[in-house]
Amino acid sequence: MAAISGHWAFAFGVLGNIVSFIVFLSPLPTFYKIYKKKSTEGYQSIPYVVALFSSMLWVYYAFLKTNTTLIITINSFGCFIETIYVGFYLFYAPKKARIQTVKMLVLSVVGGFGVIVLVTQFLFKGAARGQAVGWICLVFSLCVFVAPLGIVRQVIKTKSVEYMPLLLSVFLTLSAVMWFFYGLLVKDINIAIPNVLGFVLGILQIVLYVIYNKKEKAILKEEKVPEKIQNHVIIVDDYNNQKLPELTEEQIIDIVKLGSLISSGKIHVASCLHNSKCGVEAAKVENMPKLQTAEA
């Protein structure tokens, strides 16, 4: 029975490595957008700093335990890729966001991790050291899953899913499932417990994406105005009380230009040879249709 459990644990561990590998790569489209726009826009660095710190802790925890090769491999890659993400973010972030990110790095990665290593090395011995680090890993794993809640809040507030990648939410959920069963089979609650919350929060993000993505599309559709009713002017014939064919804005501009040329004397209009004719022409001018702008 133990052998079967060990095989299943290995299988879920391998699957967890594969899915977690995809999770670590899922922010690539986000950073490609940042690279194209040369700006971090509304994206935050908190998830990447917390993920880097968590990966470092899990590597440290894995070295204190036995048979943890699968944990070492994926979290070593996590440390590598998250360092690249944070560096990329710092390069394109505005000054204020860059300063905040550096502060988080100093407090968590340098100060926090250093203090944890020193305290656990001097205050704990043997198995107790592994248990202490395991509980710390559990807490910070919860922080990794809770970190995207800032983005969830932004989605609810703005009713836009622009800054919450669906791909990341889906793979975080799958990763939580794989590592939960791995931790359950190897009887390590420090691995199993955080992934329960990870699964719940992952489902929440997916549901929010579906809801607000539909609302966003509906709003955009309502805001579209048919081009045919834009930039038109209605001509009203007061004499016959009839509406004549509409003129576009470009045609009205041409008429105005023509009028300005006539009034400036650049185009000479023949004077009336007979007063009677002038009277007739004047009457025709009075009966000319008036131009009115169409109401929006």
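Residues numbered from 1 in each chain as written. Predicted model: local features only at pLDDT ≥ 70, side-chain atom pairs only at ≥ 80, totals over all residues. Heavy atoms only, no water.

Overview of the UniProt feature "transmembrane region" (unreviewed entry) in the chain
For step 1, the next point in the chain: Residues annotated by UniProt as "transmembrane region" (unreviewed entry) correspond here to residues 6–25, 46–64, 70–92, 104–124, 130–151, 163–185 and 191–212.
For step 2, the next point in the chain: Each end of residues 46–64 is marked by a C-alpha atom, and these two atoms are 28 Å apart; helix forms 100% of the span and strand 0%. (UniProt positions renumbered as here; feature names shortened; annotations may be inferred. Helix = DSSP H or I, 4+ residues; strand = E, 2+ residues; numbered from the N terminus.)

What about the nonpolar core?
For step 1, the next point in the chain: Within the largest apolar cluster, 45 residues are counted, with the highest numbers of intra-cluster contacts made by Ile71, Leu105 and Tyr182.
For step 2, the next point in the chain: When residues of this core are traced back to their parent elements, those giving at least two are helix H1 (2–25), helix H2 (28–37), helix H3 (46–64), helix H4 (69–92), helix H5 (95–123), helix H6 (126–146), helix H8 (166–185) and helix H9 (189–223).
For step 3, the next point in the chain: Of the residues forming this core, the biggest block, eleven residues, is contributed by H3.
For step 4, the next point in the chain: Of all hydrophobic cores here, the second largest spans eight residues; its members include Ile151, Val161, Met164 and Leu208. (Core = buried A, V, L, I, M, F, W, Y, C linked by side-chain atoms within 4.5 Å. Buried < 20%, exposed > 50% of the residue type's maximum accessible area, 1.4 Å probe, protein only.)

Remarks on the packing of aromatic side chains
Geometrically, a pair of aromatic rings is defined through the distance of the ring centres and the angle of the planes.
For step 1, the next point in the chain: All told, the structure shown has 15 aromatic pairs when counted by the stated rule.
For step 2, the next point in the chain: Judged by centre distance (5.2 Å) and plane angle (25°), the rings of phenylalanine 12 and phenylalanine 181 are stacked. You can see phenylalanine 12 sitting in helix H1 and its partner phenylalanine 181 sitting in helix H8, a full 169 residues away along the chain.
For step 3, the next point in the chain: For phenylalanine 181, a relative accessible area of 34% puts it in the partly exposed group.
For step 4, the next point in the chain: Look at tyrosine 35 and tyrosine 92: their rings are 6.5 Å apart centre to centre, the planes differ by 85°, and that puts the pair in the edge-to-face class. Taken as a pair, tyrosine 35 in helix H2 and tyrosine 92 in helix H4 lie far apart in primary sequence, 57 residues in all.
For step 5, the next point in the chain: Grouped by ring-pair contacts, the aromatic residues Phe31, Tyr35, Tyr48, Tyr85, Phe88, Phe91 and Tyr92 constitute a single cluster. (Phe/Tyr/Trp six-rings, centres within 6.5 Å; stacked < 30°, edge-to-face > 60°.)

What about the environment of isoleucine 203?
For step 1, the next point in the chain: By the element assignment, isoleucine 203 lies in helix H9.
For step 2, the next point in the chain: Along the chain, isoleucine 203 and leucine 174 lie 29 residues apart, while their C-alpha atoms are 9.9 Å from each other.

Points about H8
For step 1, the next point in the chain: With 20 residues, H8 extends 29 Å from end C-alpha to end C-alpha; this agrees with the ideal 28 Å at 1.5 Å per step.
For step 2, the next point in the chain: All of the buried residues in H8 are Ser169, Phe171, Leu172, Thr173, Ser175, Ala176, Met178, Trp179, Tyr182 and Gly183.
For step 3, the next point in the chain: Of the residues flanking the end of H8, it is lysine 187, one or two places downstream, whose phi is positive at about 60°. (Expected span 1.5 Å × (residues − 1).)

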